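Listed here are the chains, written in short residue letters.
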Amino acid sequence: MTLALRPTEIAVDDGASPFGIGEQGARLLAGPIASAGAEPLGAHLARLGALPQVEVRQFLDEVAASGLAGRGGGGFPAARKVATARAAAAGKTVTVVVNASESEPASRKDRTLCALRPHLVLDGAAVAAALAGASSVVIYAHRGADAVAEAFRRAVAERRSSGLTDPVFHLGMGPARYVAGEASAAASWLAGGEAKPRALTAPLAAAGLSGQPTVVHNAETLAHLALLARFGASWWAAAGTPSSPGSRLVTVHGGDHGATVLEVVEPVTVGSLLEHAAAATATAADGWGRPGGPGSRGAGEPPVRAVLVGGYAGRFVDGAGVATLPCTTEGLALVGAAPGCGLLAPLSADACGVATAARLARWLAGESAGQCGPCLYGLADVAEALEALVAGTSSRRAVRTLRRLLGEVRGKGACHHPDGAVAMVESFLDVFAAEVDAHARRRRCPVGCAVPAWPLPQPEEAWR
Amino acid sequence: MTGRLRVDRTRCAGHGICAFIAPGALDLDAWGFPEVVATELSGDDLRRARRAAAACPRGALTVSDVVSTVQPLRAPWEP
Ligand SMILES: Cc1cc2nc3c(=O)[nH]c(=O)nc-3n(C[C@H](O)[C@H](O)[C@H](O)COP(=O)(O)O)c2cc1C
Ligand code: SF4
Ligand code: SF4
């Protein structure tokens, strides 16, 4: 089996990287090597050809047939959003938003894609605009994401001077906060308000920005749309699996080793992705990861105790099963997880899951927009209960209370922020049941409550 | 005549007045914030819910008439 993976953090010239029908090479990340930086417009068009004129109805069917699901975390069918906007477009101003905020602290896939293949993302935004009936596109990113902003500024300038027929592109740099990446928060900020999620009574695609239809898509989702428009649904869906088609970008967080972005084209296991990432960062002058053999993580490395899948508000899965766990929507569903934003963060056996979960929970609590009571107070209570476990001041009874508390917070926010945090903590209680019990009975932490080097950025103060 | 009660949690400040005015429609959670316990209201409960909505200092409560039994549109961000 060819592992169609492509580490991008490494300079690699894999030759022509042929990009054609049936080729099981990289797709989104095909083309020039990572160290070459953003692919210029000329090279992009020479490699992929011009974006074909799409016949709207036909192409909407094509997108629906492809099964493309959003890559921003929710996995919502892409065809439905543009169709909703189109249906609501009469007499309205439709806007397409490229969500390039990537507010997940350990995720790198969107900024890698935007920095290396800005024209693929812009092509996709242009296609989405044509489908939804939008004349303008806003690229939305966090302040401080300079590489992303720079890549888009240049790319848009290139397109303008080459005379491509494009929608009008705007760049909006919003506050660098976790929930600011949520779709309604993005729409609120773009409409001049705070980048806080809104309680919606209608889908954003029907009535978003100041009541106008707003299609918010993750940058990767749009890049897929650009390939779909060129090569069609059957080519596109030949990657992935029948129920979760298409390739997918994942970020393997390597703690001190940094992160590796891989494009997964064929169904592979979570374990083999971890191995590839480890090998890619450790060795491989040619940049292609060489797995060290089944089950190995390189000599002397402690085994993986658990993997946090899908983001900080994703789910922990037991490390014991990752060697056989397929990194697909269906495979992950077997263990209650989902691809989410594509993050895989392994926690090695010499780190403490309890202390890690407590830190993540405290960080997520601090990222509440502070609007909804159960989110503001509930997540803080959850973090406190976990911190008591770490401090050795908890009890089995307190753990049972924590479980009840989680049930009270779930579904009680205007956005899904608290739900994700609850899911992460619940999966932690399941996967780390033995460690939780040991901490609850005030035994000493077997690994000394060491925590992995996962980024927990200080949020920007401003909301505007 | 039936009505539907909705809480905009981004506006609610958790005073809890509403749950005292309309106990048949709202309950308070562990942090003192209202939860809708009965969405479709009629008779006395509906009257109380309207009074609670009017009393809410944050305008967080809305009572809308149930005009048909058509399922509400599922929002795209909902799984
Ligand atoms: C708390 C929170 C943070 C989010 N942050 C991001 C983000 O940084 N980038 C992103 O693309 N989607 C983010 N999302 C998901 C968006 O709300 C939205 O679903 C997504 O941008 C839609 O794009 P897609 O359909 O292409 O996946 C976030 C959601 C939540 C609840
Ligand atoms: S649930 Fe939390 S993050 Fe989401 S809108 Fe409410 S307060 Fe903000
Ligand atoms: S009266 Fe209004 S602000 Fe007060 S708890 Fe009820 S809904 Fe919230």
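Residues numbered from 1 in each chain as written. Chains lettered and ligands numbered in written order. Predicted model: local features only at pLDDT ≥ 70, side-chain atom pairs only at ≥ 80, totals over all residues. Heavy atoms only, no water.

Below, the discussion takes up the overall build of chain A. If you tally the helices and strands in chain A, you get 15 helices and 11 strands. Here the contacts in chain A between residues at least 6 apart in sequence split such that 75% fall between residues at least 24 apart. Per element, the accessible surface of chain A, about 17600 Å² overall, is 54% carbon and sulfur. (Helix = DSSP H or I, 4+ residues; strand = E, 2+ residues; numbered from the N terminus. Contact = heavy atoms within 4.5 Å. Areas by Shrake-Rupley, 256 points an atom, 1.4 Å probe, with all protein chains shown as cover.)

All names here are of chain A. Under the domain assignment, chain A is made up of domain 1 (77-237), domain 2 (240-348) and domain 3 (353-440). Between domain 2 and domain 3, the residue contacts involve 11 residues of the former and 14 residues of the latter. Across the interface of domain 2 and domain 3, roughly 1100 Å² is buried in total on both sides, 71% from carbon and sulfur atoms. Taken as a group, R305, Y312 and F316 account for 55% of the area that domain 2 buries against domain 3, more than any other trio of residues on that side. Summed over the shared surface of domain 2 and domain 3, the number is one salt bridge. Remark: the boundary between domain 2 and domain 3 carries four residue pairs in polar contact (both at pLDDT 80 or more). Within the residue set of the side of domain 2 that touches domain 3, elements represented by two or more residues are β9 (304-309) and β10 (315-318). The dominant element in the side of domain 2 that touches domain 3, judged by the number of residues it contributes, is β10, at four residues. (Domains from an automatic or database assignment. Buried area = accessible area lost by both parts, 1.4 Å probe. Salt bridge = Lys/Arg side-chain N within 4 Å of Asp/Glu carboxyl O. Polar contact = N/O pair within 3.5 Å; in protein donor to acceptor, adjacent residues only side chain to side chain.)

Turning next to the pattern of salt bridges. Any two side chains of opposite charge can pair, so long as their charged atoms come close to each other. Residue and element names in this part refer to chain A. One pass over the structure, following the stated rule, counts 26 salt bridges over all chains. In this structure, E220 and R71 form a salt bridge, with 3.4 Å as the shortest nitrogen-oxygen distance. Pair noted here: E220 is in helix α8 (residues 219-236) and R71 is in the loop between α2 (56-66) and α3 (78-88), with a separation of 149 residues, a long-range link.

Okay, the site of ligand 2 next. Taken together, 13 residues form the shell around ligand 2, and within it A369, Q371, C372, C375 and C415 of chain A come nearest. Of the residues assigned to the shell around ligand 2, the class counts are eight nonpolar, five polar and no charged. (Near = heavy atom within 4 Å. Nonpolar A, V, L, I, M, F, W, Y, C, P; charged D, E, K, R; others polar.)

Our focus in this paragraph is the state of the cysteines. Per the stated rule, a full pass over the model turns up zero disulfides over all chains. No disulfide involves C114 of chain A; its sulfur sits 14 Å from the nearest other cysteine sulfur, which is in C341 of chain A. (Disulfide = S-S within 2.5 Å.)

Residue and element names in this part refer to chain A. All of the buried residues along helix α15 (residues 433-440) are E435, V436, A438, H439 and A440. In this fold, the buried residues of α15 make contact with β9, α11 (353-366), α12 (373-391), α13 (396-409) and α14 (417-431). Following α15 by one or two positions, R442 adopts a phi angle in the positive range, close to 55°. (Buried < 20%, exposed > 50% of the residue type's maximum accessible area, 1.4 Å probe, protein only.)

Core analysis: the biggest nonpolar cluster contains 66 residues, and Y312, F316, L386 and F428 of chain A together with L61 of chain B have the highest contact counts within it. Per-element tally for this core: the top contributor is α11 of chain A, with nine residues. When sequence neighbours within four positions are dropped, the list of residues in contact with L386 of chain A reads A357, A358, A361, L402, V425 and F428 of chain A. Core analysis: the next-biggest nonpolar cluster, separate from the first, contains 55 residues, L28, V94, F169 and A226 of chain A among them. (Core = buried A, V, L, I, M, F, W, Y, C linked by side-chain atoms within 4.5 Å.)

On to the environment of A219 of chain A, then. All names here are of chain A. As for its position among the elements, A219 is in helix α8. Separated by 95 residues in sequence, A219 and G124 have C-alpha atoms that sit 8.5 Å apart. With near-sequence residues (within four places) excluded, A219 lies in contact with V98, N99, A100, D110, L113, C114 and V121.

Here we come to the side chain of T241 of chain A. For T241 of chain A, the location among the structural elements is in strand β5 (residues 240-241). In this structure, T241 of chain A is in contact with P267, T328 and E330 of chain A, ignoring residues within four places of it in sequence.

All names here are of chain A. With respect to spatial proximity, 18 residues lie near ligand 1, and among them G72, S103, A183, N218 and T221 are the closest. The separation between an oxygen atom of ligand 1 and a polar main-chain atom of G72 is 2.7 Å. The fraction of the free accessible surface of ligand 1 (610 Å²) that becomes covered by protein chains is 88%. The greatest single-element share of the shell around ligand 1, amounting to three residues, is contributed by strand β4 (residues 214-218). Looking at side-chain class alone, the shell around ligand 1 contains four nonpolar, 10 polar and four charged residues.

Let us look at the interface of chain A and chain B. A common way to state how big an interface is: give the accessible area lost once the parts meet. Taken residue by residue, the interface counts 25 residues in chain A and 17 residues in chain B. Taken over both partners, the interface formed by chain A and chain B buries close to 1700 Å², and the fraction arising from carbon and sulfur atoms is 65%. The tally of links from chain A across to chain B stands at one salt bridge. Residues E35 of chain B and K412 of chain A are paired through a salt bridge, measuring 3.3 Å at the closest nitrogen-oxygen approach. Here chain A is connected to chain B by three residue pairs in polar contact (both at pLDDT 80 or more). When residues of the side of chain A that touches chain B are traced back to their parent elements, those giving at least two are α3, α12 and α13 of chain A. Class assignment of the residues belonging to the side of chain A that touches chain B gives a composition of 13 nonpolar, six polar and six charged.

Let us look at the sheet that holds strand β3 (residues 168-174) of chain A. Within a sheet, each strand pairs with its neighbour through backbone hydrogen bonds, oriented either parallel or antiparallel. Residues and elements named next belong to chain A. Pairing in this open sheet of four strands is parallel, and the strands run β3-β2-β1-β4 from one edge to the other. The two strands at the open ends of the sheet, each matched to only one other strand, are β3 and β4. Adjacent strand axes in the sheet meet at a mean angle of 25° when their direction is disregarded. With respect to the sheet, α3 is in contact with β1 (94-99) and β4, its orientation differing from that of β4 by roughly 160°. (Pairing = 2+ DSSP bridges. Axes fitted to C-alpha atoms, helices over the stretch in contact; angles between N-to-C directions.)

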